[in-house]
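# Residue-level structural notes
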Amino acid sequence: WVFLPSILIYRFLQGNKRLNRILQERGLSSGHLIYRIRKDSFCGLESVSEGGLVYTGLMELLDDDLTFNIQAECGTVRFGIDNLKGGFREGFSLDDCIPFEFGSGTAVAPQWKEHSLSELLNRRIRIVVELNGAVLHSISATARPHILQRQRSFSDPQGI
């Protein structure tokens, strides 16, 4: 399944200094950016500075085939797994990640120094992507949304 990151966005572009200044002037602590997409263009979430964070919604990974379509010719991308309590799961923090640097790919698999994604199969997770001068076009995984009643997939909401 391919998820459009804009659907799963929780918080984005924390590192954008101009956006933060505008939000602070208006007394806000966060905000969402909305853009018009040209018909002949790919859409993506872009961080023009350091520390742009994208949080997905809650999901359960059914396979360890999580990949990202990323454009980072002049930047880096790091991945983390949220512990759902305001931090990261042990071994899956942004600092534990082996960053994807200065390149692009349509199937970039996240890697951590001492842990693998297979440890988190069938558990409730939220993925965190840190963009540093990079663009996130899509997230692909065999997963289902974490909801109170299980369902087959995102597109087939019948119970199992």
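Residues numbered from 1 in each chain as written. Predicted model: local features only at pLDDT ≥ 70, side-chain atom pairs only at ≥ 80, totals over all residues. Heavy atoms only, no water.

### Concerning the pairing of strand 7 (residues 124-132)
This is how the line gets drawn: Burial classes: relative accessible area under 20% of the type maximum marks a residue as buried, over 50% as exposed, and values in between as partly exposed (1.4 Å probe, protein chains only). In DSSP terms, a helix is any run of H or I states spanning at least four residues, a strand is any run of E spanning at least two, and both are numbered starting from the N terminus. Paired strands are those between which DSSP finds at least two bridges.
Here strand 7 lies mainly inside the structure; eight of its nine residues are buried. Both strand 3 (residues 52-55) and strand 7 contribute to a ladder of four bridges, which runs antiparallel. Considered in strand 7, the bridge of valine 54 is made with valine 129. As judged from the two bridges shared by strand 4 (residues 59-61) and strand 7, these two strands associate in the antiparallel manner. Across the sheet, the residue bridging to glutamate 60 is arginine 124, located in strand 7. For strand 5 (residues 67-82) and strand 7, the ladder comprises seven bridges, and the chain directions are antiparallel. Bridge assignment links arginine 78 to a residue of strand 7, and that residue is glutamate 130.

### Here we look at the side chain of threonine 67
For clarity, the threshold we go by: Contacts are residue-level and defined by heavy atoms, with any inter-residue pair within 4.5 Å sufficient.
If you trace the backbone, threonine 67 turns up in strand 5. Residues contacting threonine 67, with those up to four places away along its chain left out, are Ala107, Val108, Ala109, Ser138, Ile139 and Ser140.

### Examining the confidence of the model for the protein chain
Stated precisely, the cut-off is as follows: Each residue carries a pLDDT score, the predictor's own confidence in it, on a scale running from 0 to 100.
Taken over all residues, the pLDDT of the protein chain has a mean of 79, while the share at 70 or more is 68%. Mean pLDDT across the secondary structure elements of the protein chain bottoms out at helix 1 (residues 5-8), with 38, and peaks at strand 6 (residues 100-108), with 94. The low-confidence segment residues 1-15, where pLDDT is below 50, has 53 contacts with residues more than four positions distant or belonging to other chains.

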